[in-house]
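What the coordinates show
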Amino acid sequence: MRNELRYILPLLLILLTGCHSRPQNAVKVNQLPAIYPDYTGVTIPTDIAPLDFAMADDEVTRMDVTVKGTKGGELHVNGTYADFDIDDWHQLLEKNKGGKLMIQVYAEKDGQWTAYQEFPIYVSNEPLDEWGITYRRIPPSYQIYSKMGIYQRNLSNFDEEPLLVNTHIGGMCINCHTPNRTNPDQYVFHARGANGATIIHRQGKDELLQAKNEFLGGSMVYPYWHPGGRYCAFSTNVTSQMFHFANQKRIEVYDSKSDVFVYDTETQTILRDTLTMKLLWAENCPVFSPDGKWLYYLTAKRQLYPTDYDQERYNLCRVAFDEQTGKIGQQVDTLIQADKMQKSITWPRPSYDGKYIMYTQANYGYFSIWHPEADLWLLDLQTGETRPLNEVNSKESESFHNWTGNSHWFLFTSRRDDGLYSRIYLSSIENGKATKPFMLPQQDPKHYYRDLLDSYNTPDFTNRPVKTNSRRMGIEIESERRITTKTK
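Residues numbered from 1 in each chain as written. Predicted model: local features only at pLDDT ≥ 70, side-chain atom pairs only at ≥ 80, totals over all residues. Heavy atoms only, no water.

Concerning the overall build of the protein chain
The number of helices and strands found in the protein chain is four helices and 35 strands. Its C-alpha atoms put the protein chain at 90 × 50 × 45 Å along the principal axes. Counting only contacts in the protein chain whose residues sit at least 6 apart along the sequence, the fraction spanning at least 24 positions is 57%. Surface exposure of the protein chain reaches about 22100 Å², of which carbon and sulfur atoms provide 49%. (Helix = DSSP H or I, 4+ residues; strand = E, 2+ residues; numbered from the N terminus. Contact = heavy atoms within 4.5 Å. Areas by Shrake-Rupley, 256 points an atom, 1.4 Å probe, with all protein chains shown as cover.)

Now the structure itself:
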């Protein structure tokens, strides 16, 4: 046995040394590697999945990557892409919290190795403090719902699971999974179709509401929970779509009518108010302030549809809300009068610390995912100043953003990857400035995103896994059992 060890141990040392040897005769270049996704100079939390990446050049056959922490620790991988061990990755991030990782990339192409300039990845002191995210995955379709589903994803690794896929409910449209401040114990989503429903989950039970109420004239759309949990704000929208024939835009979505109201989950009553349901105005996309004292929403003068669709421009307004009575105030404040600038505001989302409202600004309308000019903006609620988030914006559409519970991080969707599909990106706010966004990590990301023919839609954070029984939920949705809402 001792004689065998005399031969085995040196061989193991040679193999281990070989695993960490660097490519020989590499040509050094004074440029950063073109990698996919582009993770150069991004800021990340310690609880994010490994930032696996590949070379953007498909002719690169092999990579050799070393990651060194400025506070200690090192990872070394080689192969067709940089594939980091999950446990080793998290240990390295934890050790380098508040520091940075320096990444050295070697790439082989046509038998020649190239050594690229090192680039940093900054490790934030601020954690995500969220287990994961929920989102809808939807293929490119306009008239037919096709296969779509609501999914959840663990952000510390690559695990994804469906919460409900529409093949379980006869191909209906399902959308808008909305938790209360990232809490999965309380959420709402919609099932659209001949047997549609608004599904509200609270206190461990599911309530299936009739999708439409005769006094509303439309469905309950675009929900947002009051922090107290009793109330949920909705808009009711009569939505249409049309197609462009000679335009870089493909499709236009608009509402011929929309109003805002509050729903009382305890009494199952729709609380209407003339201030947010004006005849000649379109109210939309309501959200509550983090303290629950204000209801923010969009409002625009109604136009002649579809001819004047591009004249519809939404302003950002707010009105007081009384949690004790469920009533809104008597005066509407206009926070941003975007129509005076020939612009339109959509998807306002207050940070949960009460400092900001992030919103999307476009040239007109509110359905910004089809608008390449749509960008994220940030309203400072302390100073009243608003500015474009140029740190994260691109030439393609940015939209559907949401905050973590600690308000340090946010996610959004963007078509910047290929101009066709919406992908999820994450960023953080540090001293009022956003850090460079990074694409949602995937294992072997180049193959994953090239093979994925779905767009990500309406993502949000969740602080724990959502527990649901998709089979039971499917049976309930396909049943005729519905709660008839009252109106006040």
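Focus on the side chain of Glu130
Here Glu130 shows up in the loop between β9 (119-123) and β10 (132-138). Buried charge Glu130 goes without a salt bridge, the closest partner of opposite sign being Arg464 at 8.4 Å. There is a polar contact of 2.6 Å between the side chain of Glu130 and the backbone nitrogen of Gly405. Within polar-contact distance, the side chain of Glu130 engages the backbone nitrogen of Asn463 at 3.2 Å. What Glu130 contacts, discounting residues up to four positions off in sequence, is Thr182, Thr404, Gly405, Phe461, Thr462 and Asn463. (Buried < 20%, exposed > 50% of the residue type's maximum accessible area, 1.4 Å probe, protein only. Lys, Arg positive; Asp, Glu negative; His and termini not counted. Salt bridge = Lys/Arg side-chain N within 4 Å of Asp/Glu carboxyl O. Polar contact = N/O pair within 3.5 Å; in protein donor to acceptor, adjacent residues only side chain to side chain.)

Re the environment of Asn393
Position of Asn393 relative to the elements: it lies in the loop between β28 (386-388) and β29 (398-403). For Asn393, a relative accessible area of 16% corresponds to the buried category. Expressed as a C-alpha distance, the spacing of Asn393 and Trp377, which sit 16 residues apart in the sequence, is 9.1 Å. What Asn393 contacts, discounting residues up to four positions off in sequence, is Asp375, Leu376, Pro388, Glu398 and Arg416. From its side chain, Asn393 meets the backbone nitrogen of Leu376 in a polar contact 2.8 Å long. Within the local environment of Asn393, its side chain forms a polar contact with the backbone oxygen of Leu389, the two atoms lying 2.9 Å apart.

Some points on the pattern of salt bridges
In this structure the tally under the stated criterion is 16 salt bridges. The shortest N-O distance in the salt bridge between Asp58 and Arg450 comes to 3.1 Å. Separated by 392 residues along the polypeptide, Asp58 in the loop between β4 (54-55) and β5 (62-69) and Arg450 in helix α3 (residues 445-451) bring together distant segments of the chain. On the basis of relative accessible area, Asp58 is assigned to the partly exposed category, the value being 48%. For Arg137, the salt bridge is made with Glu160, and the minimal N-O distance between the two is 2.9 Å. One end of the pair, Arg137, is in strand β10; the other, Glu160, is in strand β12 (residues 160-165), with 23 residues separating them in the sequence. Here the residues in one salt-bridge network are Asp57, Glu59 and Lys109, joined through shared partners.

Let's talk about the side chain of Glu312
Summarising the element assignment, Glu312 is placed in the loop between β22 (294-301) and β23 (315-322). It is Arg302 that comes nearest to the buried, bridge-free Glu312 among opposite-charge side chains, at 7.3 Å. Here the side chain of Glu312 touches Tyr314 through a polar contact of 3.4 Å, side chain to side chain. Once residues within four sequence positions are removed from consideration, Glu312 is found in contact with Asp255, Ala300, Gln303, Tyr305, Ser344, Tyr364 and Gly365.

Here's the deal with unusual backbone geometry
The peptide bond linking Tyr36 to Pro37 adopts the cis configuration, its omega dihedral lying at -10 degrees. Take Pro37: it is sitting in the loop between β2 (35-36) and β3 (43-44). One non-glycine residue with positive phi stands out, namely Gln268, at about 55 degrees. Take Gln268: it is sitting in the loop between β19 (251-264) and β20 (269-271). The backbone of Gln342 sits at a positive phi, close to 60 degrees, despite the residue not being glycine. If you trace the backbone, Gln342 turns up in the loop between β24 (327-336) and β25 (344-350).

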